[in-house]
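Here is what each chain is made of, one letter per residue.
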Amino acid sequence: MISLAGMTMNGASVTTVRKAIVDSGTSLLAGPVSEVKAIAAKVGATAVGSTGEYQISCTASLPSLTVTIGSSSQKQFVLTGDDYRIKICILFECECLLGMAGIDIPSRDGGPLWILGDVFMRKYFTVFDVGNQQLGFANIAK
């Protein structure tokens, strides 16, 4: 569990949650249903059934999402719209998904919290230092 100081889009806060986990087994960013729903509305995404997932235009201009991690020492990690848009193509037909899903994790399981999955980890190299109980992040070399 890590301290989440905040998440903003266009300078406005998009979460009240202050905890997160980093999970390579989660493909998307996952957060409280109400917060993901509000973010989806803000960027013009539409719900895909009742799955908690959202479809988005492949050509829409999406704002950056700034994730601020830490409590006493804070660091900002910026995801561009293209970082959190997932393009899926079959033959010559493409659709795009918002790289976020809504999931309400109950307090007995540590929630509410955000899960920073592969959408985050594709942009920031992540080191899990279990022995020292810490995480490290670095920009991916291009």
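Analysis parameters
- Residues numbered from 1 in each chain as written.
- Predicted model: local features only at pLDDT ≥ 70, side-chain atom pairs only at ≥ 80, totals over all residues.
- Heavy atoms only, no water.
- Helix = DSSP H or I, 4+ residues; strand = E, 2+ residues; numbered from the N terminus.
- Rg over C-alpha atoms; globule rule 2.2 N^0.38 Å.
- Buried < 20%, exposed > 50% of the residue type's maximum accessible area, 1.4 Å probe, protein only.
- Areas by Shrake-Rupley, 256 points an atom, 1.4 Å probe, with all protein chains shown as cover.
- Lys, Arg positive; Asp, Glu negative; His and termini not counted.
- Charge placed at Lys NZ, Arg CZ, Asp CG, Glu CD.
- Pairing = 2+ DSSP bridges.
- Disulfide = S-S within 2.5 Å.
- Phe/Tyr/Trp six-rings, centres within 6.5 Å; stacked < 30°, edge-to-face > 60°.
- Lys NZ or Arg CZ within 6 Å of the ring centre and 35° of its normal.
- Patch = residues over 30% accessible without salt bridge, like charges linked within 9 Å, V, L, I, M, F, W, Y side chains within 5 Å.
- Salt bridge = Lys/Arg side-chain N within 4 Å of Asp/Glu carboxyl O.

(A) Quick look at the overall build of the protein. The helix and strand tally for the protein stands at two helices and 14 strands. Relative to the 2.2 N^0.38 estimate, which gives 14 Å for 142 residues, the radius of gyration of the protein is 15 Å and therefore close to what a compact globule would have. Structurally, the protein occupies a C-alpha span of about 45 × 35 × 30 Å along its principal axes. Per-residue burial over the protein gives 40% buried out of 142 residues. Surface accessibility of the protein: about 8,100 Å² in total, with carbon and sulfur atoms responsible for 53%. Charged side chains in the protein number 11 positive and 11 negative. The centres of these two groups are separated by 7 Å.

(B) Representation of the pairing of strand S8 (residues 75–79). By the bridge criterion, five bridges tie strand S7 (residues 65–69) to S8 in an arrangement that is antiparallel. Pairing of Thr 68 across the sheet is with Gln 76, part of S8. Here S7 folds back onto S8 in antiparallel fashion, the turn holding five residues, of which Gly 70 has a positive phi close to 115°.

(C) Spotlight on the state of the cysteines. Evaluation of the coordinates by the stated rule reveals two disulfides. Between the sulfur of Cys 58 and that of Cys 96 lies a disulfide, 2.1 Å long from S to S. Around the S-S axis, the bridge from Cys 58 to Cys 96 shows a dihedral of about 115° and counts as right-handed. With a gap of 38 residues between them, Cys 58 in the loop between strand S6 (54–56) and S7 and Cys 96 in strand S10 (residues 93–98) connect regions that are remote in the sequence. Owing to a relative accessible area of 29%, Cys 58 belongs among the partly exposed residues under this scheme.

(D) Local environment of the packing of aromatic side chains. Under the criterion given, the structure shown has five aromatic pairs. With centroids separated by 5.2 Å and ring planes inclined at 65°, the aromatic side chains of Phe 77 and Phe 137 adopt a geometry described as edge-to-face. Taken together, the residues span a long stretch of sequence, with Phe 77 in strand S8 and Phe 137 in strand S14 (residues 134–139) at a distance of 60 residues. Assessed through its relative accessible area of 24%, Phe 137 is described here as partly exposed. On the basis of an interplanar angle of 90° and a centroid distance of 5.5 Å, the ring pair of Phe 120 and Phe 137 is categorised as edge-to-face. Of this pair, Phe 120 sits in helix H2 (residues 118–121) while Phe 137 is found in strand S14, placing the two residues 17 residues apart along the sequence. An aromatic cluster is defined as three or more aromatic residues linked by ring pairs; in this entry it consists of Phe 77, Phe 120, Tyr 124 and Phe 137. We note Lys 75 situated over the ring of Phe 77; from NZ or CZ to the ring centre the distance is 5.9 Å.

(E) Fine view of a nonpolar patch on the surface. There is a patch of nonpolar side chains on the surface, built from Ile 88, Ile 90, Leu 91 and Phe 92 and spanning about 570 Å² of accessible area. Locating Ile 88 in the fold gives a position in strand S9 (residues 85–90).

So far we have only geometry, and geometry alone does not tell us how the molecule works.
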